[in-house]
Amino acid sequence: MYLLKFDWNPLTGIDIIGNFKLHFYSLMWVVAFVLGWYIMKRIFTKEKVSLEYLDPLFIYTVLATMIGARLGHVLFYQSELISEDFFSIFLPFKFKGGFEFTGFQGLASHGAAIGIIIGMYLYRKKYNYKSLLWILDRVVISVASGAIFIRIGNFINSEIIGKITDSSFGVRFIQDEYYKSQIVQLTGINDVQKAYNAVTDNPQFAELLNAVPYRHPAQLYESFCYIFVFLILWYFYSKTTKRDQEGFLFGLFLILLWTVRFFVEFVKEPQGEEYINWFGLNTGQWLSVPFILIGLYFMFVYKPKTATK
């Protein structure tokens, strides 16, 4: 019953110079964007769309995703940054309590979704070769594939953790339980990574290890489900005529992805200040509901306008 339980204390990045650390989480974002570019290239080639539109689409998507995700996190979960550490909102650095390179942290998927929609609208205004919904129907396939790796990055970072569980499948997130300064103080080991390793490897610190509860690996639940979201979208795009029904794939994506998010939220710990907590549902769940409703609209109600002769 305990074979599926394990301790999670990974190396989260590579120290390069001073406070600069190459985070594996950031690399997961790179993988997500590169894979997305490759998928869109296949789609453009398949549908005989000029590849000259691909690189601008990539740039718009990257900027829209990152800006939207960051602003979404701040607005939905950590608004105190506006007054306490304003420049950390836009830069990959932390200034409060000492300067530190943090990489891409504090990113909200709801904000990313809104950012991508706005970004594609702006892209379509400049590059008017297909309709906005044609673009969204195809971009969401890449987005779904990228979401798989983003959640793996969250798991590596021991963030977006799940609630405490006594099930046979649980993970002890050592680095979430003890902050850097705290683990150094508790172990007396100045090297942070060695201090974390001592908790899991040195019987002397068994008490610290035993104090860490087993939690749902919510990040892996999401990542696993997003594999199926991607496969379903790819099936409908490549094997059916639904790709020609404007808005269908976009709507299907919204329903599938945000339904996954809605249910996984039941086993997640809050990601910040819960500004919305009605009827037992948290902020992430309430923010997911409008996306699901919009998805239903585009799948079953929306009718594209036909040009008048």
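Residues numbered from 1 in each chain as written. Predicted model: local features only at pLDDT ≥ 70, side-chain atom pairs only at ≥ 80, totals over all residues. Heavy atoms only, no water.

## Details of the overall build of the chain
Along the chain, the regular secondary structure elements total 12 helices and six strands. Computed over C-alpha atoms, the radius of gyration of the chain comes to 21 Å, within 12% of the 19 Å expected from 2.2 N^0.38 for 309 residues, which places it in the range of a compact globule. Its C-alpha atoms give the chain principal-axis dimensions of roughly 80 × 45 × 35 Å. Here the analysis covers contacts within the chain between residues at least 6 apart in sequence; of these, 71% occur between residues at least 24 apart. Accessible surface, the chain: about 16,400 Å² in total, of which carbon and sulfur atoms supply 65%. Separation between the mean location of the 28 positive side-chain charges and that of the 24 negative ones in the chain comes to 13 Å. (Helix = DSSP H or I, 4+ residues; strand = E, 2+ residues; numbered from the N terminus. Rg over C-alpha atoms; globule rule 2.2 N^0.38 Å. Contact = heavy atoms within 4.5 Å. Areas by Shrake-Rupley, 256 points an atom, 1.4 Å probe, with all protein chains shown as cover. Lys, Arg positive; Asp, Glu negative; His and termini not counted. Charge placed at Lys NZ, Arg CZ, Asp CG, Glu CD.)

## Let's talk about the side chain of N282
Within the secondary structure, N282 is located in the loop between α11 (248-264) and α12 (283-300). Relative accessible area serves as the criterion here: at 12%, N282 is assigned to the buried category. A polar side-chain atom of N282 sits 2.9 Å from a polar atom in the side chain of E265. (Buried < 20%, exposed > 50% of the residue type's maximum accessible area, 1.4 Å probe, protein only. Polar contact = N/O pair within 3.5 Å; in protein donor to acceptor, adjacent residues only side chain to side chain.)

## Details of the UniProt feature "transmembrane region" (unreviewed entry) in the chain
Under the UniProt annotation, "transmembrane region" (unreviewed entry) lies at residues 20-39, 51-71, 103-123, 135-156, 218-236, 248-264 and 284-302. Note that residues 135-156 is 100% helix and 0% strand, and that its end C-alpha atoms are spaced 32 Å apart. Across residues 218-236 one finds 100% helix and 0% strand; the C-alpha atoms that close the span lie 27 Å apart. (UniProt positions renumbered as here; feature names shortened; annotations may be inferred.)

## Description of unusual backbone geometry
Phi angles above zero are rare outside glycine, and K48 is one such case at about 55°. Examined against the element boundaries, K48 turns out to sit in the loop between α1 (24-46) and α2 (54-76). The residue I160 is not glycine, and still its phi comes out positive at about 55°. Position of I160 relative to the elements: it lies in the loop between α5 (132-156) and β6 (171-173). For I160, a relative accessible area of 14% gives the class buried.

## Points about the confidence of the model for the chain
On average, residues of the chain carry a pLDDT of 89, and 91% of them reach 70 or more. Within the chain, the lowest mean pLDDT, 63, falls on strand β5 (residues 100-101), and the highest, 98, falls on α11. (pLDDT = per-residue confidence, 0-100.)

## With respect to the packing of α5 against helix α10 (residues 218-239)
Two numbers describe how α5 lies on α10: the axes approach to 8 Å, and their chain directions differ by 165°. Taken together, the axis directions place α5 and α10 in an arrangement best described as roughly antiparallel. The element α5 and its partner α10 pack so that their crossing is left-handed. The residues of α10 that touch α5, namely those facing R138, V140, I141, A144, S145, A147, I148, R151, I152, N154 and F155, are Q219, L220, E222, S223, Y226, I227, V229, F230, L233, W234 and Y237. When its residues are assigned to classes, the contact of α5 with α10 shows 15 nonpolar, four polar and three charged. (Axes fitted to C-alpha atoms, helices over the stretch in contact; angles between N-to-C directions. Parallel < 35°, antiparallel > 145°, perpendicular 65-115°, else oblique. Left-handed = near helix turned anticlockwise from the far one by under 90°. Nonpolar A, V, L, I, M, F, W, Y, C, P; charged D, E, K, R; others polar.)

## Quick look at the environment of Y179
Turning to its location among the elements, Y179 is positioned in the loop between α6 (174-177) and α7 (180-187). A sequence separation of 17 residues divides Y179 from Y196, and the C-alpha atoms of the two residues are 9.7 Å apart.

## Looking at the pattern of salt bridges
Tallying each qualifying case throughout the model produces seven salt bridges. A salt bridge links R151 to E222, with the nearest nitrogen and oxygen atoms 3.1 Å apart. With a gap of 71 residues between them, R151 in helix α5 and E222 in helix α10 connect regions that are remote in the sequence. Looking at E222, the relative accessible area reads 0%, which means it is buried. Sharing partners across several salt bridges, the network here consists of R151, E222, R261, E265 and K268. (Salt bridge = Lys/Arg side-chain N within 4 Å of Asp/Glu carboxyl O.)

## Comments concerning α5
With 25 residues, α5 ought to run about 36 Å at 1.5 Å a step, and its terminal C-alpha atoms sit 35 Å apart, in line with that. Of all 25 residues that make up α5, 21 are buried, and the element is covered over most of its length. At the exit of α5 stands S158, carrying a positive phi of roughly 55°. (Expected span 1.5 Å × (residues − 1).)

## Observations regarding the UniProt feature "binding site: a 1,2-diacyl-sn-glycero-3-phospho-(1'-sn-glycerol)" (unreviewed entry) in the chain
What UniProt calls "binding site: a 1,2-diacyl-sn-glycero-3-phospho-(1'-sn-glycerol)" (unreviewed entry) maps, in this numbering, to R151. Judged by its relative accessible area of 8%, R151 falls in the buried class. What R151 contacts, discounting residues up to four positions off in sequence, is S109, I160, Q219, E222, S223, Y226, R261 and K268.

## A word on the packing of aromatic side chains
A full pass over the atoms with the stated rule returns 31 aromatic pairs. Ring centres 4.0 Å apart and planes at 15° place the aromatic pair Y53 and Y129 in the stacked group. Placement of Y53 in the loop between α1 and α2 and of Y129 in the loop between α4 (109-126) and α5 is noted, with a sequence separation of 76 residues between them. When its relative accessible area of 18% is taken as the criterion, Y129 is described as buried. With a centroid separation of 6.4 Å and an interplanar angle of 20°, the aromatic rings of F230 and W234 are classed as stacked. Pair noted here: F230 and W234 are both in helix α10, with a separation of four residues, about one helical turn. (Phe/Tyr/Trp six-rings, centres within 6.5 Å; stacked < 30°, edge-to-face > 60°.)

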